[in-house]
Amino acid sequence: MQKFTTLTSTAVPLPIENIDTDQIIPARFLKATDKKGFGENLFRDWRYTKAGDLNPNFVLNDTTYSGSVLVAGENFGCGSSREHAAWALEDYGFKVIISSFFADIFKGNALNNGILPIIIPEDKLKALLREIHAQPKIQFHVDLEHQELVVEDLGLREKFEIDPYKKMCLINGYDDIDFLVSKSEVIAAFEKQNTTV
Amino acid sequence: MHKTLFDKVWDAHVVETIPDGPQILYIDKHLIHEVTSPQAFAELEQRGIPLARPEKTVATADHNVPTIDQHLTIKDALSRKQVQMLTENCEKHGVTLYGLGHPYQGIVHVMAPELGITQPGMTMVCGDSHTSTHGAFGTIAFGIGTSQVAQVFASQCLLLNKPKKMRINVNGALRENVLPKDVILYIIAKLGTNSGTGHFVEYAGDVFENMSMEGRMTVCNMSIEMGARGGMIAPDETTFEYVKGKEFAPKGEEWERKLALWKTLKTDKNATFDVEYEFDAADISPMITYGTNPGMGIKIGERIPSLEDPSFEKSLKYMDLEKGQDLVGQVINYVFIGSCTNSRIEDFRIAASQIKGKQKAKNVTALIVPGSQQVAKQIKEEGLQDVFEAAGFEIRQSGCSACLGMNEDKIPAGEYCVSTSNRNFEGRQGPGARTFLASPLVAAVTAVEGRIVDVTQMELA
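The rules behind the values
- Residues numbered from 1 in each chain as written.
- Chains lettered and ligands numbered in written order.
- Predicted model: local features only at pLDDT ≥ 70, side-chain atom pairs only at ≥ 80, totals over all residues.
- Heavy atoms only, no water.
- Helix = DSSP H or I, 4+ residues; strand = E, 2+ residues; numbered from the N terminus.
- Buried < 20%, exposed > 50% of the residue type's maximum accessible area, 1.4 Å probe, protein only.
- Contact = heavy atoms within 4.5 Å.
- Core = buried A, V, L, I, M, F, W, Y, C linked by side-chain atoms within 4.5 Å.
- Domains from an automatic or database assignment.
- Buried area = accessible area lost by both parts, 1.4 Å probe.
- Salt bridge = Lys/Arg side-chain N within 4 Å of Asp/Glu carboxyl O.
- Polar contact = N/O pair within 3.5 Å; in protein donor to acceptor, adjacent residues only side chain to side chain.
- Pairing = 2+ DSSP bridges.
- Axes fitted to C-alpha atoms, helices over the stretch in contact; angles between N-to-C directions.

1. Digging into the overall build of chain A
Item 1. When you go through chain A residue by residue, the secondary structure sums to eight helices and eight strands.
Item 2. Its C-alpha atoms give chain A principal-axis dimensions of about 60 × 45 × 25 Å.
Item 3. Every one of the 197 residues in chain A was classed for burial, and the buried ones make up 56%.
Item 4. Taking as baseline every contact in chain A between residues at least 6 positions apart, the subset at least 24 positions apart corresponds to 64%.

Listed below in structure tokens is the structure:
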């Protein structure tokens, strides 16, 4: 997994609530057997028209906005457990997703792929979304070590929560497999003494 | 200490607690399918790690499979490749596979319970969010991402923080023609799609105690639609009766030992929950959704609410519906009875009871997709197949089908479908498709009438 420490970037606003993983990557694009190339179909049915042309009204096709930070409405990533949603966001180039609320499985999948989900209060999220529209080039600075999101131009300095173990994994680029495999003896001992399983 | 059902099962599976960190949770059963497993097998191979406990994993092919001519080579090249890869991976790593053509093949959450693979008190995971279904047996069952599939392959464990606990009590008697699907759609409509996030739910009270195992599976299945990782119901005589004698259920002395343990799996009287809700069964009516998330549901006969909210308005625009509109009378051209929510034998018995001796409406394409080969066999044996065929319904072979439209079974753009599945998201049943979620009873009546009917106002069979 790629390490994550700090990031400075402009942001892409997506002020829609309850963006489910079927919107992030529709099921018909889940037929690949590797993790690469999903970015091409990220938000497919919003990004392209029925005829297959780029939808000029969708934010990813609007050159005003760019960057590796996505700012999205409440309850981002609800629905299916498909990790393809995290792969698609990562493959497209997003490293940080900011919302007021994330669905559980998506949040875990993002963290397992080096994407940092940042939760901020609803009112601040709405203010941020408005400000990106007004000033598309404002810079977002994310510091994982200090758990801080800073947008200097807006005077915003927001602390965010992250599980300490997951923070350590992101900063060092570790993943859970290495850790769990190192525990194989403890796991085998558990199996022997536990009669309920 | 007073413990909840969830505490009892969770705590019995904690291998180790990392100081200031997550817990290592042991997983008893790992279910896999063709779509979310290939990258996990590849991950292990790249690292040169073997599967830790291949005998604790069971595979089936369900998500992308065709529901016609399953004995032939799969036409779609990408689907064929995924299914082939599942077969090769299972052979290589010693995992039991119920692939296409096998009498046990089916939707993973229909297949495992009916074979007795799902048992009370277990921890179960699968790379599919509707794994919550198995909670109907008093198991801790939840969906995981592919990275976690690889973790379970490598260690038979997951690193997790213990979720919070929620209890939803529904007491009283359900009114006539109110099905388990209506109960869960009602709860989600009341609480919202993110109300359960960070929580594990226990469903308690008369309504769930009096429910069949099929009904309990329908309820637990949709726990994820309110954001909860899983939902569970305390095992009781109904559960034990269902599990007993199933292919992989414990037998003889082992059965007695397990049964004694399972009988302890109840929430202690003074145990507490982080959140608790109470609902009155008498307030629940046949439900239907009108929007693009499962929380956007109303009682059939009620009007669509009028909210001033851009996301709400975007949703109605996609559905081509108006605020304040009544859905009764809405013309429907597609009906889908299937999915891991409602494709068990009980669901088809209810549908057949409404269809018997009638014809589907001319405008309707009605699809019946059994959840498993075993359910398909039962439909035939019980004579339900004859009822459906005589009424002009298409009966297909088992798989996830039009619930998510990964195979050829898609609802055309712009068309409405009354569906017994679990998600009405934009494009879920096909690009541009518009989904109304409902019970198998409402779906069957819709297929016959060709429009949405207020089933509380009609004489039902």
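2. Here we look at the nonpolar core
The nonpolar side chains of soluble globular proteins are, as a tendency, buried together.
Item 1. Within the largest apolar cluster, 110 residues are counted, with the highest numbers of intra-cluster contacts made by A:Phe43, A:Phe76, A:Leu89 and A:Phe140.
Item 2. Broken down by element, the residue count for this core peaks at seven residues, all from helix α15 (residues 440-449) of chain B.
Item 3. Mapping this core onto the domain boundaries places at least three of its residues in each of domain 1 (5-275) and domain 2 (292-457) of chain B.
Item 4. A:Phe140 has contacts with A:Leu7, A:Thr8, A:Ser9, A:Ala11, A:Val69, A:Val71, A:Ile98, A:Leu128, A:Ile132, A:Leu149, A:Val150 and A:Val151, leaving out every residue within four places of it along the chain.
Item 5. By size, the runner-up hydrophobic cluster in this structure holds 74 residues, among which are B:Ile27, B:Val183, B:Tyr203 and B:Phe279.

3. Observations regarding the interface of chain A and chain B
Item 1. Between chain A and chain B, the contact holds 54 residues from the first and 66 residues from the second.
Item 2. Across the interface of chain A and chain B, roughly 4900 Å² is buried in total on both sides, 57% from carbon and sulfur atoms.
Item 3. If you sort the residues of chain A by the area they bury against chain B, A:Lys31, A:Thr33 and A:Ile177 come out on top, with a joint share of 15%.
Item 4. Summed over the shared surface of chain A and chain B, the result is seven salt bridges.
Item 5. In this structure, the salt-bridge partner of B:Arg53 is A:Glu191, at a minimum N-O distance of 2.6 Å.
Item 6. Counting the contacts that link chain A with chain B gives 29 residue pairs in polar contact (both at pLDDT 80 or more).
Item 7. At the level of elements, α1 (21-24), α2 (44-47), α3 (84-92), α4 (104-111), α6 (164-172), α7 (176-181) and α8 (184-193) of chain A are the ones that each hand at least two residues to the side of chain A that touches chain B.
Item 8. The greatest single-element share of the side of chain A that touches chain B, amounting to six residues, is contributed by α7(A).

4. Some thoughts on the sheet that holds strand β10 (residues 199-204) of chain B
Residue and element names in this part refer to chain B.
Item 1. Strand order in the open sheet formed by four strands is β11-β10-β9-β12, and the pairing between neighbours is parallel. Taken across any chain shown, the strands that pair with only one partner, and hence form the sheet edges, are β11 (230-232) and β12 (275-280). Taking each pair of neighbouring strands and ignoring which way they run, the sheet shows an average axis angle of 20°.
Item 2. Pairing between strand β9 (residues 164-171) and β10: six bridges, direction parallel. The partner of Met166 across the bridge, within β10, is Val201.
Item 3. Strands β9, β10 and β12 of the sheet are contacted by helix α6 (residues 180-191), whose axis makes an angle of about 125° with β12.

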